[in-house]
2 protein chains.
Amino acid sequence: MYELSVELGERSYPIYIGEGGLSNPELFSPHIRGQKVMIVTNDVVGPLYEHTLRETLKDYDVDSVVLPDGEEHKNWSTLNMIFDALLEEQHSRHTTIIALGGGVVGDMAGFAAASYQRGVDFIQVPTTLLSQVDSSVGGKTAINHPLGKNMIGAFYQPKAVVIDTLSLNTLATKEISAGLAEVIKYGLIRDADFFAWLEVNVTNIKNLQPAALSHAIRTSCACKARVVEADETEGGVRAILNLGHTFGHAIETHEGYGEWLHGEAVAAGTVMAAELSMRQGWISAASVERIKEIFRMCLLPIGGPDSMTPSDYARLMAVDKKVVEGSLRLVLLSELGCAFVCSDFDRAHLDAVLTGN
Amino acid sequence: MYELSVELGERSYPIYIGEGGLSNPELFSPHIRGQKVMIVTNDVVGPLYEHTLRETLKDYDVDSVVLPDGEEHKNWSTLNMIFDALLEEQHSRHTTIIALGGGVVGDMAGFAAASYQRGVDFIQVPTTLLSQVDSSVGGKTAINHPLGKNMIGAFYQPKAVVIDTLSLNTLATKEISAGLAEVIKYGLIRDADFFAWLEVNVTNIKNLQPAALSHAIRTSCACKARVVEADETEGGVRAILNLGHTFGHAIETHEGYGEWLHGEAVAAGTVMAAELSMRQGWISAASVERIKEIFRMCLLPIGGPDSMTPSDYARLMAVDKKVVEGSLRLVLLSELGCAFVCSDFDRAHLDAVLTGN
């Protein structure tokens, strides 16, 4: 079992990566302080893995709550199912919540942990590629609001992240592709060599070839850990992890949560960020083409939905969390392998990008 | 203007206490970093003081949201009115929320600040005695759940607390009494001299005699600040601030939020805690009588509602946040002026107390 650490002082925690983590009690027991555990899962992942996890945790008093699957359910009323279950089963401040599922389950279980009795422990057990390489690490938790994605939440770190790569075997191809959008992001923002490696290996990862998959997950988690360590609550550099996300969140909000997978929207948004960076003169047309090509290989979209107009983007991007005093800030590329947060771009270039997408 | 500090490292903040704070821009401007401010108030306090506060903040871009008054509205749907207003007016992470009102407004505005875009700044402007001496200081924020009071929330410190004692002039007598229950609590848990002073001065405070009122508020805030500094997230000693609250929360939940004022329920609960402490042999019958007498002088209840049975208490107290692994923990008195958290009490004594109340 490969182990990485996210170093955040008293909030530090391990990320375990490997095959079979779900079945290994030793990965869980150091991080559970009470006798009671609440598994939060959904109606797709639960039937596949809850039984295994319960077996692993057989020394504890385990309850579970099964949420409906999908981003469209990442809202208050679904979150409240977790609170109802915790209160009905009389879970105390010493309970431990375990998020078993993808990013939506992790975000909601994490926010429930942050706010139940003003904070209880939680462990992330991400079962999708996207959540394994991105959302389970770093402590961002949230639910959506009709007017904006992830607008209500907390920075709240888990006690551990258990990544069982075997859980990807039951994942739909479309979900693997969505996860790859975030994997590719790490290459683009911080690691040109990793991007080049991905150009060669992306098909192997899609096919779940173990060595390629493992390298991609480890590299992604390590990149995320280093950025989060540098800026836990996104006062600065952490924002680069949102490459493509401002455009992407606008797409998700416009289309209705759940219509586009998060990773699909991020892929389209990343192409827009790359095109804007090119129009600013920072990266070449060839670099933009490399980015589009790798997304094509993943069967990911390289443009937004036809139904969205530039004014739709403008309106929805105005409530982005990176907006400061009315000024839109975007994550752009100064070169392939280096991202930065920028408010000083040519608005006409942005309009051109939005018109073209 | 008297100034106290709550020392919590990078989360330290001042408490300003005096007449006219609401009209003093210099108390606010050091704690507002952006241009936008959202005042959160209710339909009772807003008409009285929002205009004054807007005048004080005339250099800023001020929006406001007016919540319905009352503990029965301290729930998700009212909280969501704050999120709606923030998003509709496009408030960014650099906004500052100002809670103008009593404990309910402070708890909700604080939790909204803790979770809007994963955390924005907020300032407490408490306008009731209870919120001035207790709930505005220390960073506890929460909403209620049908199965338990304050079950969903966060520890999230304000940037400043502005206590304008003039705002008490418009407060109902019943609300002054409710606040006095928490003032008396500080004497009981940590300061026998203050309790003795209160026995002499409680009528002056009720009549809003400025010197007595000011001393009571300063002493209460200082006591709260010292306890919070010692234990910000209630891992230990902070729990003594909950003297009477486990019983009191059970009463509030049973009767329906808003039927009993929080301070009224705390008074009844404090008598129960005192009676249990007496039955344990720790305090005298005379001490219990002194406690009942001071509550009587305040026109506060000294027993729970007739409709509640011992089993109602048992059921509702079982979900208290101080419960650990199924074991009920109560704040009891080892002497008048000294409280401690106790799970090692005689259950028969508790039953006797509940039967008698």
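What counts and how
Residues numbered from 1 in each chain as written. Chains lettered and ligands numbered in written order. Predicted model: local features only at pLDDT ≥ 70, side-chain atom pairs only at ≥ 80, totals over all residues. Heavy atoms only, no water. Helix = DSSP H or I, 4+ residues; strand = E, 2+ residues; numbered from the N terminus. Buried < 20%, exposed > 50% of the residue type's maximum accessible area, 1.4 Å probe, protein only. Contact = heavy atoms within 4.5 Å. Salt bridge = Lys/Arg side-chain N within 4 Å of Asp/Glu carboxyl O. Polar contact = N/O pair within 3.5 Å; in protein donor to acceptor, adjacent residues only side chain to side chain. Phe/Tyr/Trp six-rings, centres within 6.5 Å; stacked < 30°, edge-to-face > 60°. Lys NZ or Arg CZ within 6 Å of the ring centre and 35° of its normal. Pairing = 2+ DSSP bridges. Axes fitted to C-alpha atoms, helices over the stretch in contact; angles between N-to-C directions.

Residues and elements named next belong to chain A. With a phi close to 50°, Gln117 is a non-glycine residue in the positive phi region. Here Gln117 lies in the loop between helix H4 (103-115) and strand S6 (121-126). Look at Gln117 and you get buried, because its relative accessible area is 1%. The backbone of Leu208 shows a phi angle near 60°, a positive value even though the residue is not glycine. Relative to the assigned elements, Leu208 resides in the loop between helix H7 (192-206) and helix H8 (210-230).

Okay, the interface of chain A and chain B next. Residue-level contacts link 38 residues of chain A with 38 residues of chain B. Between chain A and chain B we count 2 salt bridges in total. Between B:Arg93 and A:Glu234 there is a salt bridge; the shortest N-O distance is 3.5 Å. Taken together, chain A and chain B are joined by 10 residue pairs in polar contact (both at pLDDT 80 or more). At the level of secondary structure, the elements contributing two or more residues to the side of chain A that touches chain B comprise helix H3 (76-88), H4, strand S7 (140-145) and strand S8 (148-155) of chain A.

Oppositely charged side chains may form a pair once their charged atoms are brought near each other. Residues and elements named next belong to chain A. The full count for this structure, using the stated rule, is 41 salt bridges over all chains. Note that Lys185 is salt-bridged to Asp134, the shortest N-O span being 3.6 Å. With Lys185 in helix H6 (residues 173-190) and Asp134 in helix H5 (residues 129-135), this pair connects stretches of sequence that are 51 residues apart. Considered together, Lys185 and Asp134 belong to a single accessibility category, that of buried residues. For the salt bridge of Lys224 with Asp134, the shortest nitrogen-to-oxygen distance reads 2.6 Å. On the criterion of sequence distance, the pair formed by Lys224 in helix H8 and Asp134 in helix H5 is long-range, its members being 90 residues apart.

The next thing to look at is the packing of aromatic side chains. Centre distance and the angle of the planes are the two values used to describe a pair of aromatic rings. Evaluation of the coordinates by the stated rule reveals 10 aromatic pairs over all chains. Geometrically, the ring pair formed by A:Trp76 and A:Phe83 is tilted, given 5.8 Å between the ring centres and 40° between the ring planes. As far as burial versus exposure is concerned, A:Trp76 and A:Phe83 are alike and both buried. Ring geometry for A:Phe194 versus A:Trp197: centroids 5.9 Å apart, planes at 15°, classification stacked. Here A:Phe194 and its partner A:Trp197 are both found in helix H7, 3 residues apart, which amounts to about one turn of the helix. We classify A:Phe194 as buried; its relative accessible area is 4%. The rings of A:Trp76, A:Phe83, A:Tyr116, B:Trp76 and B:Phe83 are connected pair by pair, giving a single aromatic cluster. Across the ring face of A:Tyr186, the terminal group of A:Lys185 is positioned such that the distance to the ring centre comes to 4.8 Å. A cation over a ring is seen here: B:Arg218 above B:Tyr2, with NZ or CZ 4.0 Å from the ring centre.

This part is about the environment of B:Tyr13. Positionally, B:Tyr13 belongs in strand S2 (residues 13-18). In this view, B:Tyr13 contacts B:Leu4, B:Ser5, B:Val6, B:Leu8, B:Val137, B:Gly138, B:Gly139, B:Gln157, B:Pro158, B:Lys159, B:Ala160 and B:Val161; residues no more than four positions away in its chain are not counted.

Residue and element names in this part refer to chain B. Within the element layout of this structure, Ser136 appears in the loop between helix H5 (129-135) and strand S7 (140-145). Assessed through its relative accessible area of 2%, Ser136 is described here as buried. In this structure Ser136 touches Gln124, Pro126, Ser131, Pro158 and Val161, once residues within four positions along its chain are discounted.

To continue, consider the sheet that holds strand S4 (residues 61-67) of chain A. Residues and elements named next belong to chain A. The strand order across the open sheet built from 7 strands is S1-S2-S9-S6-S5-S3-S4, with neighbouring strands paired in mixed fashion. Looking at the sheet topology across the chains shown, the edges are occupied by strand S1 (2-6) and S4. Averaged over neighbouring strand pairs, the angle between their axes works out to 20° when direction is ignored. Sheet analysis places strand S3 (residues 36-42) next to S4, joined by 7 bridges and oriented parallel. Paired with Lys36 across the strands is Asp61, a residue of S4. Across the sheet, helix H2 (residues 45-56) lies against S3, S4 and strand S5 (96-101), angled at about 160° from S3, the strand it touches most. Across the sheet, H4 is in contact with S3, S4, S5 and S6; its angle to S5 comes to roughly 170°.

Function cannot be read off these values alone, since they describe shape.
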